[in-house]
Amino acid sequence: ASGLDGASATAGAAGPVGVGAEPSSRLFRASVILLVLAPLCSVMGWAGFLFVLGQQAVPGWAVGGVLFLTAMVLLKVDSSRRRSSITFRGRNRRNRWPWFVTLPAVVSVLFSGLGALDDVSSAKYHVLSPANSDGCRVAVREVSFLFAGSGTVYVVNAAGIGWKVSSWTADDGYEPVSSGNYELKWHSDGGSLLLHSNGDPVWPGLHEINCRAAP
């Protein structure tokens, strides 16, 4: 009987640890996945992709930054739960992050930081209206630096994923979309974006929109 009582006591002590450790391990795995996805989103931004939520364009580095911060919160919660839970070994084996956490964390900070430096200074994003009947939209990124201006045109599908289709340059830092000097028209097999000059030329001024030409 005493043996059974001892086994029951051991099982009772072990029970809370197993239950408490399981959510922590899931949080840890989720944070690692987010840390891997974070730099990938930044790379996608450099490769010509853009994310759109509603009427807000979100560059890849910003998505990567959100994923990185979310991963950090999950790691913090996981670490707190492990410190407060009962362990059999008497010490926490995860005092330091393993390499497969540290490496993507460093890469995430690096990639998101470089993307932010490239954008925050002078880039402006615009999601243009209207969309076509299938929900396809156009977004643009404009940059003005000293006496030079440039822009990038993105086609955005109904899922909110945009890809670069063309670009332009302008004199004297002119930003046609920010100035409202543009026309977006849709027709049966696509659309067109026409950028008007205000005295400062834009090259090229006409951009064809093909919503079916996804990479």
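Residues numbered from 1 in each chain as written. Predicted model: local features only at pLDDT ≥ 70, side-chain atom pairs only at ≥ 80, totals over all residues. Heavy atoms only, no water.

### A word on the nonpolar core
Point 1. Judged by nonpolar contacts, the single largest core of 16 residues is most densely connected at Leu128, Val138, Val140, Val153, Trp168 and Leu193.
Point 2. Considering every element that reaches this core, the biggest residue donor is strand β6 (residues 161-171), with 3 residues.
Point 3. Not counting residues within four places of it along the chain, the set of residues in contact with Leu193 comprises Leu128, Val138, Val140, Val153, Tyr182, Glu183, Leu184, Gly205, Leu206, His207 and Ile209.
Point 4. Counting 14 residues, the second largest nonpolar core, distinct from the first, contains Leu27, Phe28, Cys41 and Phe68. (Core = buried A, V, L, I, M, F, W, Y, C linked by side-chain atoms within 4.5 Å. Buried < 20%, exposed > 50% of the residue type's maximum accessible area, 1.4 Å probe, protein only. Helix = DSSP H or I, 4+ residues; strand = E, 2+ residues; numbered from the N terminus. Contact = heavy atoms within 4.5 Å.)

### Notes on the confidence of the model for the protein chain
Point 1. A residue-level look at the protein chain finds 82% of positions with pLDDT of 70 or above and a mean pLDDT of 83.
Point 2. Confidence over residues 2-23 falls short of pLDDT 50; this stretch has 6 contacts with residues more than four positions distant or in other chains. (pLDDT = per-residue confidence, 0-100.)

### What to know about the pairing of β6
Point 1. Relative to β6, strand β1 (residues 49-53) runs antiparallel, the two sharing 3 bridges. Directly across from Phe49, in β6, lies its bridge partner Trp163.
Point 2. Pairing between strand β5 (residues 148-156) and β6: 9 bridges, direction antiparallel. Its bridge partner lying in β6, Ser150 is registered against Thr169. (Pairing = 2+ DSSP bridges.)

### Side note on the packing of helix α2 (residues 60-84) against helix α3 (residues 99-120)
Point 1. Orientation of α2 relative to α3, taken along the N-to-C sense of each, is 145°, at an axis distance of 9 Å. You can see that α2 and α3 cross each other, and the crossing is left-handed. Of the residues in α3, those in contact with Trp61, Gly64, Gly65, Phe68 and Leu75 of α2 are Val101, Ala105, Ser108, Val109, Ser112, Gly115, Ala116, Asp119 and Val120.
Point 2. In terms of residue class, the contact of α2 with α3 is built from 8 nonpolar, 5 polar and 1 charged. (Axes fitted to C-alpha atoms, helices over the stretch in contact; angles between N-to-C directions. Left-handed = near helix turned anticlockwise from the far one by under 90°. Nonpolar A, V, L, I, M, F, W, Y, C, P; charged D, E, K, R; others polar.)

### A word on the sheet that holds strand β7 (residues 182-187)
Within a sheet, neighbouring strands are paired by backbone hydrogen bonds and run either parallel or antiparallel to one another.
Point 1. One open sheet accounts for 3 strands, arranged β7-β8-β10; its pairing is antiparallel. Of all strands in the sheet, those bounded by a partner on one side alone are β7 and β10 (206-209). Going from strand to strand, the sheet's axes swing by 15° on average, the running direction of each strand aside.
Point 2. Relative to strand β8 (residues 190-195), β7 is paired through 6 bridges, and the arrangement is antiparallel. Bridging across to β8, Glu183 finds its partner in Leu194.

### Some points on α2
Point 1. Taking 1.5 Å per residue, 25 residues should reach 36 Å; α2 reaches 37 Å between its end C-alpha atoms and fits that length.
Point 2. Inspection of α2 places Gly60, Ala62, Gly64, Gly65, Leu67, Phe68, Ala71, Leu74, Leu75 and Asp78 among the buried residues, and these make up the whole buried set. (Expected span 1.5 Å × (residues − 1).)

### Describing the packing of aromatic side chains
Point 1. The final tally for this structure, using the stated rule, is 1 aromatic pair.
Point 2. Between the aromatic rings of Trp46 and Phe111, the centroid separation amounts to 5.2 Å while the plane-to-plane angle is 45°, which identifies the pairing as tilted. Of this pair, Trp46 sits in helix α1 (residues 2-46) while Phe111 sits in helix α3; the two residues are 65 residues apart in sequence, bridging distant segments of the chain.
Point 3. Residue classification places Trp46 among the partly exposed positions, given a relative accessible area of 47%.
Point 4. Note on Phe111: relative accessible area 22%, which makes it partly exposed. (Phe/Tyr/Trp six-rings, centres within 6.5 Å; stacked < 30°, edge-to-face > 60°.)

### A short note on the side chain of Ser192
Point 1. Position of Ser192 among the secondary structure elements: in strand β8.
Point 2. Discounting residues that sit within four places of it in the chain, Ser192 has contacts with Glu183, Leu184, Lys185, Leu206, His207, Glu208 and Ile209.

### Quick word on unusual backbone geometry
Point 1. Looking along the chain, the bond that leaves Ser129 and enters Pro130 is cis, with omega of 5°.
Point 2. Structurally, Pro130 can be placed in the loop between β3 (123-128) and β4 (137-145).
Point 3. Cis geometry marks the peptide bond from Trp203 to Pro204, where omega comes out at -20°.
Point 4. In this fold, Pro204 is placed in the loop between β9 (202-203) and β10.
Point 5. A positive phi angle is found at Asp172, which is not glycine, with a value near 55°.
Point 6. Secondary-structure assignment places Asp172 in the loop between β6 and β7.
Point 7. Of the residues examined, Asp172 reaches a relative accessible area of 48% and is grouped as partly exposed.

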